Amino acid sequence: MKEEKECLFCAIASGSVKADIVYRDGETLAFRDVDPKAPDHVLIIPLKHIGSLGEMPDEDSPLMGKIIVTAKKVARKLSLESYRLVINNGKDAGQSVFHLHAHLLGGRLFGWPPG
Ligand code: AMP
């Protein structure tokens, strides 16, 4: 998989930066967030570098299905019955790492609407 220079999550995917990996398959990777916002906080990324959901070419949209299936597998592995799946798109929405990722959050009560 082509690695984007200077991309932290590409470096995690290639193994050059360490992470607490929870699940990996041929297209996605799940690892624990280094600064968790819930008892279980896992990031799910496509191995392919895509900067954000907004930048994702429409032809890559099947990858979103893979990300959601991976989130379900991780939730099952962590025995989470209730959980939240979040994608921050763009800096005003809270995106700080510009490699598409979904946050899987569980293990506590969540308020609605989110902040
Ligand atoms: P976002 O703010 O939606 O772009 O999410 C990026 C997430 O990546 C944040 O929750 C960070 O805590 C997390 N993060 C940053 N660096 C690392 C790292 N080296 N390993 C795991 N998670 C990280």
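Look above for the structure.
The structure reproduced in this document is the subject of the present report. (Residues numbered from 1 in each chain as written. Predicted model: local features only at pLDDT ≥ 70, side-chain atom pairs only at ≥ 80, totals over all residues. Heavy atoms only, no water.)

Moving on: the site of the ligand. Contacts to the ligand come from 17 residues, most closely from Asp-33, Asn-88, Gly-94, Ser-96 and His-103. A distance of 2.7 Å separates an oxygen atom of the ligand from a polar atom in the backbone of Gly-94. In the model, an oxygen atom of the ligand is placed 2.8 Å from a nitrogen or oxygen of the His-103 side chain. Contributions of two or more residues to the shell around the ligand are made by helix H1 (8-14) and strand S2 (28-32). In terms of residue count, the dominant contributor to the shell around the ligand is H1 (three residues). Partitioned by chemical class, the residues of the shell around the ligand number seven nonpolar, six polar and four charged. (Near = heavy atom within 4 Å. Polar contact = N/O pair within 3.5 Å; in protein donor to acceptor, adjacent residues only side chain to side chain. Helix = DSSP H or I, 4+ residues; strand = E, 2+ residues; numbered from the N terminus. Nonpolar A, V, L, I, M, F, W, Y, C, P; charged D, E, K, R; others polar.)

What follows concerns the pairing of S2. In terms of burial, S2 is largely enclosed, as four of its five residues are buried. With three bridges joining them, strand S1 (residues 21-24) and S2 adopt antiparallel strand pairing. Considered in S2, the bridge of Tyr-23 is made with Ala-30. Between S1 and S2, which pair antiparallel in sequence order, lie three residues. Across five bridges, the pairing between S2 and strand S3 (residues 40-46) is antiparallel. Note that in S3 the partner of Arg-32 across the bridge is Val-42. (Buried < 20%, exposed > 50% of the residue type's maximum accessible area, 1.4 Å probe, protein only. Pairing = 2+ DSSP bridges.)

A few words now on the packing of aromatic side chains. The tally for this structure, following the rule as stated, stands at one aromatic pair. Their ring planes at 80° and their centres at 5.3 Å tell us that Phe-9 and Phe-31 sit as a pair that is edge-to-face. Here Phe-9, found in helix H1, pairs with Phe-31, found in strand S2; they are 22 residues apart in sequence, far enough to count as distant. (Phe/Tyr/Trp six-rings, centres within 6.5 Å; stacked < 30°, edge-to-face > 60°.)

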